[in-house]
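Summary of the model geometry
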Amino acid sequence: MFIKKFLADNVMDAMNMVRSELGEEAIILHTKKVKRNKLLSFWKKEKVEILAALDNNENKMLKRDNAEKKSSAKQSFEFSDFMAEEKSFTDKPDIIVPPKREMDNSVKNEYSSLKSEVSGIKEIMNEIKSSIEKGMPAWGETEQNICETEIAQNPYIQKLKQKGMPEYLIKSFIEQNEDIIKEGRDFQNEFKEFVLEEFSESEYSPSENGNKFNIFIGPTGVGKTTTLAKMASDCVLNRGKTIGFLTLDTYRVAAAEQLKVYSEILNMPMHVAYSPQSLKDSIESIKEEDIIFVDTAGRSHKNKMHMKELERLLDEFENKDVFIVVSANVNIVDIENIVNEFGFTENFSIIVTKLDETSRPFSILEIIHRLKIPIAYTTFGQSVPDDIRRFRLDEFIDEALRGN
C-alpha cells in the first residue's frame, strides 16, 4: 500500500490534493488539525493534515489490464501478418477468429472486491463533502475540535487576544472554565480571579521605610525623566516629603533643563554630576533630604561600554531603589533583552510607561511571567503628577478590560 501525507489550510484543499495525486481510488486513513511549528504555535494558523493511501492491488490491476491490452494488440498484429502472407498463396482467404481469453477466476474475484472497496470509498467521500457543505464535522474531525473552534470565536476570548493576553494564559483559562464559556455567561470575574491566582506572588513590595535614593535607568526615549518627575511631585504634594534631584544625564542638554524646571516648580534642590568626584560631592550636599531622585542618561543596552560605565556610577549609591523603565509599546523579546542587560544591579523593579500608546496592555503580563520581576508602577500620559499609578494587578485587569 502506498501511503502519503497531505497538508493544507482546510479540508477541501487537502482532499483536492489527494484526488489530484492519488485519484478517486485513494483511501483516507485519518484527518486532523496540526500546527507546523510547535515553538511558535500560538502565532501559527492551524492546518488540516490528511493521511491517504492507495492500495497496491489497484496498481497491479491497472498494470495487468494494460499488459493484457498490449498482448492482445500484439497478437492481433501477428495474426494480420500471417493472413497477409497466407493471401499470397491462395485466392480464398480463410476467416480465422482468434479465441476469446477468459479472465482468470482469482483475478476476477480480486477485481470485484477492489471495485466494491472503491465504491465504498466514493460513498465516504460524498459524505465528507456533504458534511462540509452543511457545516457539520468532517470525517475524522471530533466534537472536541468543533467545541474548541467555537470557544476560540467567543467574543470575550477574542477581546483577550486583541488586548495581548499571553496565549498560555488563555489556553489555561479555557481548560479550567470551558463550561462557563460554552454557556456564554459573563465571566470577567472568573477570569480576574484566575489571573490573580496565577500571579499571586508577583506583587511589588516597596521597602518598609523607603530607600534614600530612587534611581531610574533604561533605554533612550522611554520617559525616565517624566516618570521621575511624577513620582517626585507625588512625594512633595501628597506625602509631604522633602526631595532632591540629581541628574547623571550629561549627554543631553535638554534633560538637565527639563529636570531643572521641575525642581523650580517644587522648590527643591537639583544637582548635576559631571564626573565621579562631582557625583560624590552632590550626594554629600543633598543627603539631608528625605528622598533623592536620580536621573540617568538613556543608553543602548547593546553598548557594553555604556553598561559598564553605568554600573560603576550605581556602585556609588547605597540604600537605593533601582527602577528599570521600559515602554509598553515595545515587544516582550526586546524588553527581556533590555532588562537582562540593565539588570546588573540587585533588587530592581520595573516601571512600564506609555500604556496609553498600546492597544495590547495585557502583553505586559509577559514581563512578570517570563522575567519573574514585579512591575512597580505604570504610566499612561504626560500629565505630572497624575498619570502614574502603583501597579496593582486587580485594578490593572479591570482597567484593561474596560478599554476598547
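Described in the following lines is the structure provided in the data block. (Residues numbered from 1 in each chain as written. Predicted model: local features only at pLDDT ≥ 70, side-chain atom pairs only at ≥ 80, totals over all residues. Heavy atoms only, no water.)

Notes on the packing of aromatic side chains
Following the criterion strictly, the structure yields 10 aromatic pairs and no others. Seen from their ring centres, Phe173 and Phe191 are 5.1 Å apart, and the 90 degrees between their planes marks the pair as edge-to-face. Of this pair, Phe173 sits in helix α6 (residues 167-176) while Phe191 sits in helix α8 (residues 188-198), and the two are 18 residues apart along the sequence. Here Phe173 and Phe191 have matching classes, each one buried. Centre to centre, the rings of Phe173 and Phe194 are 5.5 Å apart; their planes meet at 55 degrees, and the pair counts as tilted. Of this pair, Phe173 sits in helix α6 while Phe194 sits in helix α8, placing them 21 residues apart in sequence. On the accessibility criterion, Phe173 (1% relative accessible area) is buried. Among the residues examined, Phe194 registers a relative accessible area of 7% and is labelled buried. (Phe/Tyr/Trp six-rings, centres within 6.5 Å; stacked < 30°, edge-to-face > 60°. Helix = DSSP H or I, 4+ residues; strand = E, 2+ residues; numbered from the N terminus. Buried < 20%, exposed > 50% of the residue type's maximum accessible area, 1.4 Å probe, protein only.)

Observations concerning the packing of α8 against helix α15 (residues 393-402)
Look at α8 against α15: their axes get within 10 Å of each other, and the N-to-C directions meet at 140 degrees. What the angle tells us is that α8 and α15 run oblique. Crossing geometry of α8 relative to α15 is assigned as right-handed. Contacts from Gln188, Lys192, Val195 and Leu196 in α8 reach Leu393, Asp394, Ile397, Asp398 and Leu401 in α15. Taken together, the residues that form the contact of α8 with α15 break down as 5 nonpolar, 1 polar and 3 charged. (Axes fitted to C-alpha atoms, helices over the stretch in contact; angles between N-to-C directions. Parallel < 35°, antiparallel > 145°, perpendicular 65-115°, else oblique. Left-handed = near helix turned anticlockwise from the far one by under 90°. Contact = heavy atoms within 4.5 Å. Nonpolar A, V, L, I, M, F, W, Y, C, P; charged D, E, K, R; others polar.)

Function cannot be read off these values alone, since they describe shape.
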